[in-house]
Amino acid sequence: MDIQSVKVAYFSPTGTSKTVAQAVAQGIGLNNVEQIDITQPGARKQPLKVASNDLLVAAVPVYAGRVPGLLMGWLQSIEADNSPCVCIAVYGNREFDDALLELKETLEKQGCKAVAGAGYIGEHSFSAEDTPIAVSRPDEDDLKHAQAFGAKIKEKLDSLASADRIPALEVPGNHPYKEMVGGISADFIEVSEACTQCGICEDLCPTNAIDYENDVMVDVDSCIRCCACIKGCPENARSMKASKVKEIAKWLADNCKEPKQPVNFL
Ligand SMILES: Cc1cc2nc3c(=O)[nH]c(=O)nc-3n(C[C@H](O)[C@H](O)[C@H](O)COP(=O)(O)O)c2cc1C
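Note that the structure is a prediction, hence the values are computed from the model and not measured.

Procedures and definitions
- Residues numbered from 1 in each chain as written.
- Predicted model: local features only at pLDDT ≥ 70, side-chain atom pairs only at ≥ 80, totals over all residues.
- Heavy atoms only, no water.
- Helix = DSSP H or I, 4+ residues; strand = E, 2+ residues; numbered from the N terminus.
- Buried < 20%, exposed > 50% of the residue type's maximum accessible area, 1.4 Å probe, protein only.
- Contact = heavy atoms within 4.5 Å.
- Near = heavy atom within 4 Å.
- Polar contact = N/O pair within 3.5 Å; in protein donor to acceptor, adjacent residues only side chain to side chain.
- Areas by Shrake-Rupley, 256 points an atom, 1.4 Å probe, with all protein chains shown as cover.
- Nonpolar A, V, L, I, M, F, W, Y, C, P; charged D, E, K, R; others polar.
- Domains from an automatic or database assignment.
- Buried area = accessible area lost by both parts, 1.4 Å probe.
- Salt bridge = Lys/Arg side-chain N within 4 Å of Asp/Glu carboxyl O.
- Pairing = 2+ DSSP bridges.
- Axes fitted to C-alpha atoms, helices over the stretch in contact; angles between N-to-C directions.

With that settled, consider the side chain of S17. Along the chain, the position of S17 falls in helix α1 (residues 16-28). S17 sits in the buried class, given a relative accessible area of 1%. Those residues in contact with S17 that sit more than four places away from it in its chain are F11, S12, A59, V60, P61 and V90.

Below, the structure is given as structure tokens:
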């Protein structure tokens, strides 16, 4: 297949999905690469068109075994034209459950044809010093793996005459998808006196949940618990207070210690 350009799209509040997507794109090795970072709300208002000779590489973090719900509107506005796509679910060393299947099926409904899929491991959003979960993943080996995956995708595309020849891709997951979990309060962040009101957290927040005049205020109805504000604070002023989210973090740190390995579907 003649691929003219690669569109690398990612939602990545704490940066791991972005890092994996970029390593895969590097492995694909084409020169014409466009980055589409849909982490910020403004970017999710820009609709995406994917031509038949574009390759879409889409990476999302797994939230409760699913594609993060706030992405569905943007994903369902993609206009593709029998365009090949690569689906990547990045998860925090628990499981990716139905997220990869959901991403693949969502993109295929928009006119994409899945050529490859993958699950990669990223440091868990809830990971902290006292609750370490998949710390520093993706690591060097993960990124080598992701690049090699990219090279295999290129080989596969080169071996196909057209998108119509892409065989149906099987990825793990179940129907109906895992039920969305509700009822977990997003009132889980505390802000210490080290906060200088620099506004970095506000810029990092993917849902505009942090007050623009007072960085200490988080709108718990908009917060998606991505922890970008905690991890991105230059003063380490933000942390998890005793809460349901902190309990989940403790459970994950105790029960998801064994490092999982990336998986590819081609
Ligand atoms: C609300 C929420 C739910 C999550 N659910 C899962 C999950 O079901 N399984 C898992 O292994 N990791 C889960 N994670 C962890 C993220 O998938 C993981 O940390 C990912 O690397 C974050 O991507 P990012 O760095 O691109 O933001 C969850 C994280 C958040 C914030």
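The rest of the description comes next.
We now examine the site of the ligand. The environment of the ligand is formed by 26 residues, the closest being S12, T14, T16, S17 and V62. R94 is positioned such that a nitrogen or oxygen atom in its side chain is 2.9 Å from an oxygen atom of the ligand. For the ligand, whose unbound accessible area comes to 650 Å², protein coverage reaches 95%. Only α1 and β6 (83-91) provide two or more residues apiece to the shell around the ligand. Looking at side-chain class alone, the shell around the ligand contains 11 nonpolar, 11 polar and 4 charged residues.

With domains assigned, the chain is organised as domain 1 (5-176 + 259-265) and domain 2 (189-242). A separation of 27 Å is found between the C-alpha centroids of domain 1 and domain 2. Each side of the interface is counted separately: domain 1 has 14 residues, and domain 2 has 13 residues. Around 970 Å² of area is buried between domain 1 and domain 2 when both sides are counted, 61% of it from carbon and sulfur atoms. For the domain 1 face of the interface with domain 2, the top three residues by lost area are P13, Q40 and F126, together amounting to 39%. For the pair domain 1 and domain 2, the number of links is 1 salt bridge. Linking K231 and E123 is a salt bridge whose minimum nitrogen-to-oxygen distance equals 3.1 Å. Counting the contacts that link domain 1 with domain 2 gives 5 residue pairs in polar contact (both at pLDDT 80 or more).

Time to look at the sheet that holds strand β4 (residues 54-61). Taken in spatial order, the 6 strands of this open sheet run β2-β1-β4-β6-β7-β10, and their pairing is mixed. What marks the edges here is a single partner per strand, and that holds for β2 (33-37) and β10 (263-265). The mean angle between the axes of side-by-side strands here comes to 15°, regardless of whether they run parallel or antiparallel. Pairing between strand β1 (residues 5-10) and β2: 5 bridges, direction parallel. Looking at β2, one finds that V8 is bridged to Q35. Relative to the sheet, helix α3 (residues 99-109) contacts β4, β6, β7 (112-121) and β10, its axis offset from that of β6 by approximately 155°. Where helix α4 (residues 140-159) meets the sheet, it contacts β4, β6, β7 and β10, and its direction lies at approximately 165° from that of β7.

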